[in-house]
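# Observations on the model geometry
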Amino acid sequence: MKKLVKLSAILVVAAAFVCMLCMQASAAELSDIKNHWSKQYVEYGVQKGYISGYEDSTFRPDKIVTRAEFSKMINTAVGLTKTESITFKDIKTTDWFYNEVRKAVSAGYVSGYSDGAFLPNNVISRQEAAVILSRITLPVSDVSVSADKFADADKIGDWAVDAIEQMLEKKYFSGDDNNRFLPQDGLTRGQAAKIISAAMDVEEKFFDGKRKIVFMGGPMVSLIPEVAKEYCDSVMIGDSEET
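First, a word on what this report is: a plain description of the structure on this page.

Okay, the overall build of the protein next. Secondary structure summary: the protein contains eight helices and four strands in total. Across the protein, helices and strands are ordered from the amino to the carboxyl terminus as α-α-α-α-α-α-α-β-β-α-β-β. The burial tally for the protein puts 42% of its 243 residues in the buried class. Sequence-distant contacts in the protein: of pairs separated by 6 or more residues, those separated by 24 or more amount to 64%. For the protein, the exposed surface amounts to about 13500 Å²; the carbon and sulfur share of it is 53%.

Given below as structure tokens:
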């Protein structure tokens with residue numbers, strides 16, 4: 001019996017090692033990120049498994065992300081599994097993103113529109129992405145950055161200002177070389193890789209082989225509290241621990 005248990009353990013470790021090699025190889029084989037600014041973030045995302053390339057070995061980092069695609073990236077990165085019933089008029093049960101939207105709605109970081117649509121194939125803008133990311137991370141109590149500093153601040157929706165300033169404080173988002181935030185521009189795959197990897201890199205800790213989220217104060221991040229409690233042994237907030 002002991003030999004069987006030992007053999008099973010060896011097989012599990014070997015399988016994990018092979019999977020890790022496969023993910024690393026997948027990142028290494030992407031043909032269009034070698035000289036792209038997002039290369040390190042894409043490789044991180046591929047290694048973690050929440051983004052992937054296409055069958056032709058490209059990643060297409062400048063391709064715009066849709067609402068459905070971004071939901072899938074967030075769900076996979078955070079590890080969401082709970083779903084909720086949805087009745088959006090433009091989503092069918094046979095759509096590839098059906099369960100991804102159900103997970104996103106259950107987690108509470110997205111919702112539909114007043115006309116009953118979700119618009120899964122619509123481009124997700126940078127300001128929309130900032131709002132979503134702010135909903136799955138801890139807020140910063142003292143924000144020292146103002147969105148008004150950008151040359152195109154007048155294009156930022158009032159509903160997105162607070163979220164954008166939170167994300168600027170955490171350095172997940174930034175402006176371009178012309179001091180523009182480009183709030184209404186579509187989020188690219190490279191940009192999505194960067195903001196998600198930045199958040200996950202800061203918050204993801206492992207303790208005794210299990211995920212453990214540690215809040216150290218300041219501009220740190222957290223999984224959605226309900227998610228943290230479900231998937232972690234405990235949640236550390238400052239010097240206190242909540243189980």
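With glycine set apart, most residues show a phi of negative sign, and most peptide bonds adopt trans. Although it is not a glycine, Lys171 sits at a positive phi angle of roughly 70°. By secondary structure assignment, the location of Lys171 is in the loop between α6 (161-169) and α7 (189-203). Even without being glycine, Asn179 reaches a positive phi, approximately 60°. Mapping Asn179 onto the fold places it in the loop between α6 and α7.

This brings us to α6. A large share of α6 lies buried, amounting to seven of its nine residues. Among the residues of α6, those classed as buried are Ala163, Ile164, Glu165, Gln166, Met167, Leu168 and Glu169. Remark: Lys171 follows α6 within two positions and exhibits a positive phi of approximately 70°.

Further remarks concern the side chain of Lys103. With respect to the element layout, Lys103 can be found in helix α4 (residues 98-107). Excluding residues within four positions of it along the chain, Lys103 makes contact with Asn75, Leu80, Thr81, Lys82 and Thr83.

Attention now moves to the pattern of salt bridges. If you walk through the whole model with that rule in mind, you get seven salt bridges. The partner of Glu69 in a salt bridge is Lys63, with the nearest N and O atoms 3.9 Å apart. In this structure, the salt-bridge partner of Lys103 is Glu100, at a minimum N-O distance of 3.8 Å. You can see Lys103 and its partner Glu100 sitting in helix α4, three residues apart, about one turn around the helix. According to the relative accessible area criterion, Lys103 is buried, its value standing at 18%. Residue classification places Glu100 among the buried residues on the basis of a relative accessible area of 10%. Beyond isolated ion pairs, a larger network of salt bridges with shared partners links Lys72, Glu100 and Lys103.

Core analysis: the largest hydrophobic core is formed by 53 residues, its most contacted members being Phe70, Ile74, Leu133, Phe173 and Ile196. Mapped onto this core, the elements with two or more residues apiece are α2 (39-48), α3 (67-78), α4, α5 (126-135), α6 and α7. Per element, the largest residue contribution to this core is seven residues, and it comes from α7. Contacts of Leu133, omitting those with residues within four sequence positions, involve Ile74, Met167, Tyr172, Phe173, Ile195 and Ala199.

What follows is about α5. Among the ten residues that make up α5, seven are buried, leaving the element largely enclosed by the rest of the structure. Among the residues of α5, those classed as buried are Arg126, Gln127, Ala129, Ala130, Val131, Ile132 and Leu133.

Moving on, we get to the packing of α5 against α6. Where α5 contacts α6, the axes come no closer than 8 Å and their chain directions differ by 75°. If you check the angle between α5 and α6, you find them roughly perpendicular. Two secondary-structure elements touch here, α5 through Gln127, Ala130, Val131, Leu133 and Ser134 and α6 through Ala163, Ile164 and Met167. Within the contact of α5 with α6, the residues separate by chemical class into six nonpolar, two polar and no charged.

The rules behind each value
Residues numbered from 1 in each chain as written. Predicted model: local features only at pLDDT ≥ 70, side-chain atom pairs only at ≥ 80, totals over all residues. Heavy atoms only, no water. Helix = DSSP H or I, 4+ residues; strand = E, 2+ residues; numbered from the N terminus. Buried < 20%, exposed > 50% of the residue type's maximum accessible area, 1.4 Å probe, protein only. Contact = heavy atoms within 4.5 Å. Areas by Shrake-Rupley, 256 points an atom, 1.4 Å probe, with all protein chains shown as cover. Salt bridge = Lys/Arg side-chain N within 4 Å of Asp/Glu carboxyl O. Core = buried A, V, L, I, M, F, W, Y, C linked by side-chain atoms within 4.5 Å. Axes fitted to C-alpha atoms, helices over the stretch in contact; angles between N-to-C directions. Parallel < 35°, antiparallel > 145°, perpendicular 65-115°, else oblique. Nonpolar A, V, L, I, M, F, W, Y, C, P; charged D, E, K, R; others polar.

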